[in-house]
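Breakdown of the fold
Chain by chain, the residues:
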Amino acid sequence: MDYDEVMGLEITLKVGCPNNCDYCPQGILQSRYRGPREFTLESFRRCIEQGQVPVRRNLTFMGAGEPLLCRDAVPIIRWATLERGHQGSLSTTLRGATREMVDGLTGMPFTDTIIHVPDALGEMHFNPDDAWCDVFEYAIGRWRRHRHFVISVYGPPHPRVAPIWERSGVPFVNFGLHDRSGLVPQGATHQHLQPSTRPVPVPLCGKMFCGHLFPNGELYRCCSDYALENCWGNLNETTYLDCYRGQAFRDYMQSLTDPSADPRCRHCNDGYHSINPEDRGKTYENPCPRDGEE
Ligand code: SF4
Ligand code: SF4
């Protein structure tokens, strides 16, 4: 993934990730989330079409849970990219995936494709079995020519993963961990996650203008909003652009400039993301798209 890569609308296809990684605040999400646990093709299409999500907005299929555990994941991703015309990106642990699903996602117009694999320390709570290893090796073969194909791990790879990865010749990548804007509790195995307090005004970040969509239609701040603190609206009731014209979003952006406020972005150590070209004219004072801009 390039650091100047386009930012996308983050999509959680299914709430409740059984991987339950030690560095992921799944607990707070599951205690707060209300509504359908997963998208269907029909409910996803309704959100995207009635919400008038601009086709130029990338869609990032990962969000706050393993996307391929959603029963309609493949038809949803194919519809969004091949029929509606979005570019997309996929980050998956392949948990629940089959060879047929891998085939169904081969050749998609993804800006990047990431396989996030289990580690040797057990911070991802998933023991890869024979079926998973078979799909992992198969996916490498099918997806390795995708643009920006990456295998990533936090820490050393699981001993069942390492030989397959080494055999593939795909370089090792260890993305830096971040603490989901202060939401990951300090624990025994990830004490290296340092909390962050950023200066005011908090620098603008590309993810501020993209959002994070959940199966109930609600649009939240970004992929770090596991606590569901900043909701800009519901795409079953309003449009995507109107979410960004609303008072909740305006107030949040103003709070980034206020030394007495404590917006969650102040506690983010992942806020360096480049701003998409269509968002570059936006400011703290005027963060909403003008009519006809997108
Ligand atoms: S980090 Fe990803 S794979 Fe791990 S529990 Fe969170 S959403 Fe699931
Ligand atoms: S600064 Fe961090 S919390 Fe704020 S939008 Fe960017 S990634 Fe999300």
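Note that the structure is predicted; figures quoted are calculated from it, not measured. (Residues numbered from 1 in each chain as written. Chains lettered and ligands numbered in written order. Predicted model: local features only at pLDDT ≥ 70, side-chain atom pairs only at ≥ 80, totals over all residues.)

**Remarks on the sheet that holds strand β8 (residues 231-234)**
Read from one edge of the open sheet, eight strands run β5-β4-β3-β2-β1-β6-β7-β8, paired in mixed fashion. Across the chains shown, the open sheet's two edge strands, defined by having one partner strand only, are β5 (149-152) and β8. In this structure, strand β1 (residues 8-11) lies alongside strand β6 (residues 212-213), joined through two bridges in parallel fashion. If you follow glutamate 10 over to β6, its bridge partner there is histidine 212. (Pairing = 2+ DSSP bridges. Helix = DSSP H or I, 4+ residues; strand = E, 2+ residues; numbered from the N terminus.)

**Focus: the site of ligand 2**
Residues in close proximity to ligand 2 include Ser181, Cys205, Lys207, Met208, Arg221, Cys222, Ser224, Arg264, Cys265, Cys268, Asp270 and Gly271, which together make up its full environment. A class-by-class count of the residues in the shell around ligand 2 yields five nonpolar, three polar and four charged. (Near = placed C-beta within 6 Å. Nonpolar A, V, L, I, M, F, W, Y, C, P; charged D, E, K, R; others polar.)

**Concerning the site of ligand 1**
Near ligand 1, the surroundings consist of Cys17, Asn19, Asn20, Cys21, Cys24, Gln26, Ala64, Gly65, Glu66, Thr93 and Met124. Looking at the shell around ligand 1, its residues break down into five nonpolar, five polar and one charged.

**Some details on the pairing of β1**
Note: β1 against strand β2 (residues 58-61), four bridges, orientation parallel. If you follow leucine 9 over to β2, its bridge partner there is leucine 59.

**A look at the pairing of β2**
Alternating positions in β2 separate into two faces, Asn58 and Thr60 on one and Leu59 and Phe61 on the other, with burial throughout. Sheet topology places β2 next to strand β3 (residues 88-92); three bridges connect them, and they run parallel. Bridge pairing in β3 places threonine 60 opposite serine 89. The β-α-β motif built from β2, the intervening helix α3 (residues 73-83) and the parallel element β3 has right-handed crossover chirality. (Buried ≥ 20, exposed ≤ 12 C-beta atoms within 10 Å, placed from the backbone. Right-handed = clockwise from strand over helix to strand, strands pointing away.)

**Observations regarding the packing of helix α2 (residues 41-50) against α3**
Taken N-terminus to C-terminus, the directions of α2 and α3 make an angle of 30°; their axes are 9 Å apart at the nearest point. Considered as vectors, α2 and α3 are oriented roughly parallel to each other. Note that α2 runs across α3; the crossing there is right-handed. In this structure, α2 uses Leu41, Phe44, Arg45 and Ile48 to contact α3, whose residues at the interface are Pro75, Ile76, Trp79 and Ala80. Residues of the contact of α2 with α3, tallied by class, amount to seven nonpolar, no polar and one charged. (Axes fitted to C-alpha atoms, helices over the stretch in contact; angles between N-to-C directions. Parallel < 35°, antiparallel > 145°, perpendicular 65-115°, else oblique. Left-handed = near helix turned anticlockwise from the far one by under 90°. Contact = placed C-beta atoms within 7 Å.)

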